[in-house]
Structure formats: structure tokens, C-alpha cells
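# Per-entry structural report
Below are the chains, spelled out letter by letter.
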Amino acid sequence: AAEAAAPGGGGCPPAGGGSVPVLFCFSVFARPSSVPHGAGYELLIQKFLSLYGDQIDMHRKFVVQLFAEEWSQYIDLPKGFLVSERCKLRLVPLQIQMTTLGNLTPSSTVFFCCDMQERFRPAIKYFGDIISVGQRLLQGARLLGIPVIVTEQYPKGLGNTVQEIDLTGAKLVLPKTKFSMVLPEVEAALAEIPGVRSVVLFGVETHVCIQQTALELIGRGLEVHIVADATSSRSMMDRMFALERLARTGIIVTTSEAILLQLVADKEHPKFKEIQNLIKASAPESGLLSKV
């Protein structure tokens, strides 16, 4: 959030001094207000949030800038800046493109299993294979202590999660009508997991619920890994174009074996043998990966 990217400065104004007019700018907006004389960075951030909180994505990083008359342009807020006179400030989202490394660790990862339901069985291509791989992923999550969040799209009409998939130990199993899995209950569950950075996402359909979930998650600052051998659609064309689109946005398209071995990282990991056995025991070779 903003405080991670902007310079330091006091938050408490010194005693006395009254208030100072400040123009607070964000995006296309500019709103005049005032702050106590001597207000520092923390108070300024609070003021930005009070004025623009409904428009600020708190998962982004920001820099606070001050309009400098001598340069006739904005400059980064000077270290230790305190408001002493009328001024103009703006909050700027950082736009620097960062290469997504895709590192995974069990302590910062959560698995999302999307709508693997009975009524989809006859319609989804290679559904039997993605059930098998999905079960492999959930077994791996249990071995590694990774939280699992499961959704079911309108289960009253489409049935519950298929019986082959064991949901034992899932943190949340939630019915939904929204296509994206990012529901208030899911956001609350994520907030209860300290240090979550990465979501491993799989299920159906690639171009609808998976795609919309992935885009919402990266919009909230999370890294998303889509498991290609556990994700499908009714149409291979829809699936292919969805995966291509998502990869272009920085989402990582990968495989279940790559995910599980990246999570253990070392043959000396105490769960390596169990993960290795899990991989050897369930490795369907379908046409899915030739359709990525």
C-alpha cells in the first residue's frame, strides 16, 4: 500500500499552528481541503484515504508527490516533509512493470478449486482428467498444509463438487452465483491467512469462472498460477484463447507437477517422498496440454 512506497515523515503535527489549505489530487480528481500545520506523511495519507478511499486500490503501491513551484512540476515528497504552507499534493500509483518470478512457498500459497461439479461432467472436455489432477492437487495441499478454498456454481441446479474430489480439510466450501470466486466470504477467508501472496487456481470453465477469478485476484495484488492440466472448458477454442489472454496479463500458466515440486523445492523436504509418490500415482496423459 501507499506507505510502503512513499518517503517517511512525521504523522503528528507540533502543538499550535492552526490549519493549512492543501489541494489533494488523485487520478483526474482534485479536492481542496486542509490539514493541521506541521502535518506529516501519515496524516497526509489518512487525508487521501478519507477523500478518495472508494477509488484507491489498497493492494497497489503509491508515491506521494509535492508540486514544486521552482521546477513547475511534481517531485517525490521530500524526506521528513511537514506541511507549513499552502501546497498541492498528488497520490500516484506506481506503474513500473515488474517481472513475475512465480516463486511458490507453502506458507504464502492458497489453492482455489473452482466449480468442479457433477452437472459439468458430460459437457467439459477431458473432465475426467481434470478431476484426477484436481484430486492430486488437493492431496498435495493437505500434505503441505496449504489452505484450500472451493466454490460451487449454483449447486441447486448444477450439483455439488464431484464425489471423486475429497474436500476434507478445505478452509471454505462456498456456493455462488457470481462467475468469479472472489466473493466477500472468500476475501474474508484470505484475510485470515497471514502472508498470502500466491493463488493456485484450477477448475472450470477456463474462459468464464477461471478467467474472471484470475483477473480479480491480480487486481488485488495477488500472484496467480493457473494449472493447465486441471482446467478446462466445453470448447477447446474458448480454453486456448483464455489461457493465452491470461498469460499476457502476467498470470502464470503451469502444470500440477510443476506446482507440487516447486512447493517442496528440495528432495530433502520432509514431504518430498509423499509428493513424489502422489505424482507417480496420478499422471494422466490427455490431450489437454497439446491444446494450451
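Figured I'd write up the structure that's included with this text. (Residues numbered from 1 in each chain as written. Predicted model: local features only at pLDDT ≥ 70, side-chain atom pairs only at ≥ 80, totals over all residues. Heavy atoms only, no water.)

### Comments concerning the overall build of the protein chain
Check the secondary structure of the protein chain and you find 8 helices and 11 strands. Counting every position in the protein chain, which comprises 292 residues, the buried fraction comes to 44%. Surface exposure of the protein chain reaches about 14600 Å², of which carbon and sulfur atoms provide 54%. (Helix = DSSP H or I, 4+ residues; strand = E, 2+ residues; numbered from the N terminus. Buried < 20%, exposed > 50% of the residue type's maximum accessible area, 1.4 Å probe, protein only. Areas by Shrake-Rupley, 256 points an atom, 1.4 Å probe, with all protein chains shown as cover.)

### Things to note about the pattern of salt bridges
For the structure on display, the rule yields 11 salt bridges. E205 is the salt-bridge partner of R234, the closest N and O atoms lying 3.3 Å from each other. With R234 in the loop between β10 (223–232) and α6 (236–248) and E205 in the loop between β9 (198–204) and α5 (206–219), this residue pair connects regions lying 29 residues apart in the sequence. Under the relative-accessibility criterion, R234 is labelled partly exposed at 49%. The class of E205 is buried, set by a relative accessible area of 10%. Look at the salt bridges and you will find they share partners, linking K178, E187, E216 and R220 into a network. (Salt bridge = Lys/Arg side-chain N within 4 Å of Asp/Glu carboxyl O.)

### A word on the packing of aromatic side chains
On inspection of all chains with the given rule, the structure shows 5 aromatic pairs. Taking 5.0 Å as the distance between ring centres and 85° as the angle between the ring planes, the aromatic pair formed by F24 and F48 counts as edge-to-face. Note that F24 is positioned in strand β1 (residues 19–26) and F48 in helix α1 (residues 41–52), a separation of 24 residues in sequence. Given a relative accessible area of 0%, F24 falls into the buried group. Classification of F48 as buried rests on a relative accessible area of 1%. Every member of this aromatic cluster is reached through a ring pair, and the members are F26, F29, Y52 and F62. One residue, R31, lies across the ring of F29, its end atom 5.6 Å from the ring centre. (Phe/Tyr/Trp six-rings, centres within 6.5 Å; stacked < 30°, edge-to-face > 60°. Lys NZ or Arg CZ within 6 Å of the ring centre and 35° of its normal.)

### Overview of the sheet that holds strand β3 (residues 62–68)
In spatial order, the strands read β2-β1-β5-β3-β4; together these 5 strands make up an open sheet with mixed pairing. Two strands close off the open sheet at either side, each with one partner strand: β2 (29–36) and β4 (73–76). Averaged over all adjacent pairs, the angle separating strand axes in this sheet is 35°, with direction ignored. The sheet contact formed by β1 and strand β5 (residues 87–93) spans 5 bridges and is parallel. By the bridge assignment for β5, F26 is matched with L91. Most of the contacts of α1 go to β2, to which it runs at about 135°, and overall it touches β1, β2, β3 and β5. (Pairing = 2+ DSSP bridges. Axes fitted to C-alpha atoms, helices over the stretch in contact; angles between N-to-C directions. Contact = heavy atoms within 4.5 Å.)

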